[in-house]
Amino acid sequence: MATSLLRVPPPQGLLRPLAVPERLLLGPGPSNVPPRILAAGGRQLLGHMHPEVLQVMDEIKAGIQYAFQTQNRLTLAISGTGHCAMEAALLNLLEHGDTVLVAVNGIWGQRAADIARRLGANVHELLKSPGEYFALWDIEEGLARHKPSVLFITHGESSTGVLQPLEGLGELCHRHGCLLLVDAVASLGGAPIFMDHQEIDVLYSGSQKVLNAPPGSAPISFSERAREKMLRRKMKPPSFYLDMGWLANYWGCDGEPRRYHHTAPINSFFSLREGLAMLVELGLESSWERHRANCAQLCQGLRDLGLELFVKEEKARLPTITTVRVPEGYDWKEITAFLMDNHAMEIAGGLGPSVGKVLRIGLMGCNSTSGNVDHVLRALRDALACC
Ligand code: PMP
């Protein structure tokens, strides 16, 4: 009997119903997915080359162009999370031996430097303490000293809660013959960014933060300058899956008939489409204002609780993710566990260089409401009394 060959029994866990509790996700992401976006992801499948799916992809592309404020042709969503977009950006832009300057003031610069080293790039790091941002003259010094072909910088440093000013950076990079690559996974839709006006060459984000879609698709866009650098490559990019030449064709960015590259996560694209549609309906300016106002209310409430904000300068605070120092005499794990156990609410501890130092509270997209600010402040007040 064939069954006698079965040495691995059916796992009991899979014979029980799927368990997914209701939680308020006020950490640094993912954020809660509203019913409209959930419903989009639960629609019946279509084939990945069906015209209706290609139409959805075109709509996603237009939504990303709006969210990024760019006219770039080479604009699409990567089938993967924010890390996948980070890898796609770096491995398409960089060739073995290229010099890259990475601005490191938290975990995302560290990760980008790690990825660039794996690609055989000559990596230089520009360092700032967690909680600080880079001034133009810091960057200028690095560009003059290392003469990189690419600068990586994070717009919304979610591990520390810092918003990096971008004004003048693109122009500075271009004066030094360098391309500007920006991570906006945690900031897109929550803080102003203008890809074309700010002369950003490569910009990427994620689906699960302000866009309120499930994780698994990541908007990305390349300027003409970036495209030209990719066209000059001596070697093909070291990944087939993330080869921007192939993806450009699949996304209808190269004017050629679309060819099968991979089976896109179609339902993730349905959700992303709805997330972008909701941002378009609200409007970027209203979205930025909503995040600014709720972040300001949260910061005031945290101060009223006697907590110390980790980022000193108000203008350098990321409106989507707020960091406070772990209060003296408290264990951050007990506070996050208290909120989870008593309020079914997620907030997070630090990440990378901010571990043990901060608590992170995220208010992103539909989760950025005055009601949620009150809720998390009440929960924190309880935690400070009980932990
Ligand atoms: N960059 C930043 C700024 C992020 O906040 C994150 C996610 N926390 C990422 C990159 C990585 O994204 P993902 O977890 O979706 O791979």
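Keep in mind it's a predicted model, so treat the numbers as computed, not measured.

Focus: the nonpolar core
Then, number 1: Counting 84 residues, the largest nonpolar core has Ile78 and Ile220 as its most contacted members.
Then, number 2: Not counting chain neighbours up to four residues away, the residues in contact with Ile78 comprise Cys84, Ala85, Ala88, Gly216, Ser217, Ala218, Ile220, Leu242, Met244 and Leu247.
Then, number 3: In terms of nonpolar packing, the next biggest core, distinct from the first, is built from 26 residues, Leu26, Leu309, Leu339 and Ala379 among them.

Details of the pairing of strand E8 (residues 179-183)
Then, number 1: Where burial is concerned, most of E8 is hidden: five out of the five residues are buried.
Then, number 2: Residues Leu179, Leu181 and Asp183 point to one face of E8 and Leu180 and Val182 to the other, with burial holding for every one of them.
Then, number 3: As judged from the three bridges shared by E8 and strand E9 (residues 202-204), these two strands associate in the parallel manner. Bridging across to E9, Asp183 finds its partner in Tyr204.

Quick look at the packing of helix H10 (residues 284-304) against helix H12 (residues 370-386)
Each pair of packed helices gets described by two things: the angle between the helix axes and the distance between those axes.
Then, number 1: The contact between H10 and H12 brings their axes to 9 Å, and the two run at 20 degrees. In terms of axis orientation, H10 runs roughly parallel to H12. Along this stretch, H10 crosses H12, giving a crossing that reads as right-handed. Mapping the contact onto sequence places Asn294, Gln297, Leu298, Gly301 and Leu302 in H10 and Ser370, Val373, Asp374, Val376, Leu377 and Leu380 in H12.
Then, number 2: Among the residues forming the contact of H10 with H12, the class breakdown is six nonpolar, four polar and one charged.

With respect to the UniProt feature "domain: Aminotransferase class V" (unreviewed entry) in the protein
Then, number 1: The sites that carry the UniProt feature "domain: Aminotransferase class V" (unreviewed entry) are, in the present numbering, residues 45-375.
Then, number 2: Measuring from the first to the last C-alpha atom of residues 45-375 gives 38 Å, for a span that is 40% helix and 16% strand.

Concerning the packing of helix H2 (residues 51-68) against helix H9 (residues 266-282)
Then, number 1: Between H2 and H9, the least distance of the axes is 9 Å, while the angle of their chain directions is 40 degrees. When the axis of H2 is compared with that of H9, the two are oblique. Relative to H9, H2 is oriented so that their crossing is left-handed. Of the residues in H9, those touching H2 at Val53, Val56, Met57, Glu59, Ile60, Gly63, Ile64, Tyr66 and Ala67 are Ile266, Phe269, Phe270, Leu272, Arg273, Leu276, Leu279 and Val280.
Then, number 2: Class assignment for the residues of the contact of H2 with H9 results in 14 nonpolar, one polar and two charged.

So, the side chain of Asp201
Then, number 1: For Asp201, the position within the fold is in the loop between E8 and E9.
Then, number 2: Buried charge Asp201 goes without a salt bridge, the closest partner of opposite sign being Arg225 at 4.3 Å.
Then, number 3: Reaching out from Asp201, the side chain makes a polar contact with the side chain of Ser223 at a distance of 2.7 Å.
Then, number 4: Contacts of Asp201, omitting those with residues within four sequence positions, involve His174, Cys178, Leu179, Leu180, Met195, Ser221, Phe222, Ser223, Arg225 and Ala226.

Description of the environment of Leu45
Then, number 1: Along the chain, Leu45 falls in the loop between helix H1 (35-41) and H2.
Then, number 2: Expressed as a C-alpha distance, the spacing of Leu45 and Arg232, which sit 187 residues apart in the sequence, is 38 Å.
Then, number 3: Aside from chain neighbours lying at most four places away, what touches Leu45 is Ile266 and Asn267.

Definitions and cut-offs
Residues numbered from 1 in each chain as written. Predicted model: local features only at pLDDT ≥ 70, side-chain atom pairs only at ≥ 80, totals over all residues. Heavy atoms only, no water. Core = buried A, V, L, I, M, F, W, Y, C linked by side-chain atoms within 4.5 Å. Buried < 20%, exposed > 50% of the residue type's maximum accessible area, 1.4 Å probe, protein only. Contact = heavy atoms within 4.5 Å. Helix = DSSP H or I, 4+ residues; strand = E, 2+ residues; numbered from the N terminus. Pairing = 2+ DSSP bridges. Axes fitted to C-alpha atoms, helices over the stretch in contact; angles between N-to-C directions. Parallel < 35°, antiparallel > 145°, perpendicular 65-115°, else oblique. Left-handed = near helix turned anticlockwise from the far one by under 90°. Nonpolar A, V, L, I, M, F, W, Y, C, P; charged D, E, K, R; others polar. UniProt positions renumbered as here; feature names shortened; annotations may be inferred. Lys, Arg positive; Asp, Glu negative; His and termini not counted. Salt bridge = Lys/Arg side-chain N within 4 Å of Asp/Glu carboxyl O. Polar contact = N/O pair within 3.5 Å; in protein donor to acceptor, adjacent residues only side chain to side chain.

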